[in-house]
Amino acid sequence: MPFTYPFSRPAVTADVVLFAMRAGDLAVLLIRRRHEPFEGAWALPGGFVDENEPLETAALRELAEEAGVTGVSVTQLGAFGEPGRDPRGHTVSVAYFGFTGADAPAVTAGDDAAEAEWHPVDALPERLAFDHRAIVTLAHQRWMEAQHRRPPPAR
């Protein structure tokens, strides 16, 4: 007999904040949601973690499925599980962030993304789904901190 808990189980998702330089400005990859909740709103690439799927694997799978981006490295940013962040029910998202290098790769919307585009970090769309604005803000802060810790280039 399988072990059961008397507690409800929140759903788990994985989201990716992917940064790149575009025309000299730091940009973040967003997808436009094809379905409810938040149909038509911009969001981070991400989605539900499959059973027995490692979190980072889920994040990179969703990035590939929704935006066509592969071959990037990501770092876990944190977990976001404020009640009410997802109207479908209690959902905890583990967010990852990364930087693609000097030039933003081409993106192609797929799966449940109607569009995929790079957006300047300092000019995000007004309507972001879920709590994705807070996630982007934290990732941007961490990215900026990492830039300040880097040693200056060798002369």
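Residues numbered from 1 in each chain as written. Predicted model: local features only at pLDDT ≥ 70, side-chain atom pairs only at ≥ 80, totals over all residues. Heavy atoms only, no water.

### Some points on helix 1 (residues 55-67)
- Taking 1.5 Å per residue as the helical rise, helix 1 with its 13 residues ought to reach 18 Å, and the 18 Å between its terminal C-alpha atoms agrees with that figure.
- Where the residues of helix 1 are buried, they touch strand 1 (11-22), strand 2 (25-33), strand 4 (46-48), strand 6 (91-99) and strand 7 (113-120).
- Where helix 1 terminates, the next one or two residues include Gly 68, which has phi positive at roughly 75°. (Helix = DSSP H or I, 4+ residues; strand = E, 2+ residues; numbered from the N terminus. Expected span 1.5 Å × (residues − 1). Contact = heavy atoms within 4.5 Å.)

### A look at the packing of aromatic side chains
- Tallied over the entire structure, the rule returns three aromatic pairs.
- Taken together, a centroid distance of 6.2 Å and an interplanar angle of 50° make the contact between Phe 19 and Trp 143 tilted. Within this pair, whereas Phe 19 is found in strand 1, its partner Trp 143 is found in helix 2 (residues 132-149), the two being separated by 124 residues in sequence.
- Its relative accessible area of 14% is what places Trp 143 among the buried residues.
- An angle of 65° between the planes, with centres 4.8 Å apart, marks the rings of Phe 38 and Phe 130 as edge-to-face. Pair noted here: Phe 38 is in the loop between strand 2 and strand 3 (42-43) and Phe 130 is in the loop between strand 7 and helix 2, with a separation of 92 residues, a long-range link.
- Given the relative accessible area of 17%, Phe 130 is considered buried.
- An aromatic cluster of at least three residues, connected via ring pairs, comprises Phe 19, Phe 99 and Trp 143. (Phe/Tyr/Trp six-rings, centres within 6.5 Å; stacked < 30°, edge-to-face > 60°. Buried < 20%, exposed > 50% of the residue type's maximum accessible area, 1.4 Å probe, protein only.)

### Comments concerning the side chain of Asp 15
- Assignment of secondary structure puts Asp 15 in strand 1.
- For the buried Asp 15, no salt bridge exists, and the shortest N-O distance to an oppositely charged side chain is 4.1 Å, to Arg 85.
- Looking at Asp 15, its side chain comes within polar contact range of the side chain of Ser 93, at 2.5 Å.
- Ignoring any residue separated from it by four or fewer positions in sequence, one finds Asp 15 in contact with Leu 44, Pro 45, Gly 46, Gly 47, Arg 85, Ser 93, Val 94, Ala 95, Tyr 96, His 132 and Ile 135. (Lys, Arg positive; Asp, Glu negative; His and termini not counted. Salt bridge = Lys/Arg side-chain N within 4 Å of Asp/Glu carboxyl O. Polar contact = N/O pair within 3.5 Å; in protein donor to acceptor, adjacent residues only side chain to side chain.)

### Describing the pattern of salt bridges
- What the rule picks out here adds up to seven salt bridges.
- Among the ionic pairs, Glu 115 bridges to Arg 32, the shortest N-O distance being 2.7 Å. Taken together, the residues span a long stretch of sequence, with Glu 115 in strand 7 and Arg 32 in strand 2 at a distance of 83 residues.
- Exposure remark for Arg 32: the relative accessible area of 25% places this residue in the partly exposed category.

Interpretation note: all reported values are geometric properties and have no functional meaning in isolation.
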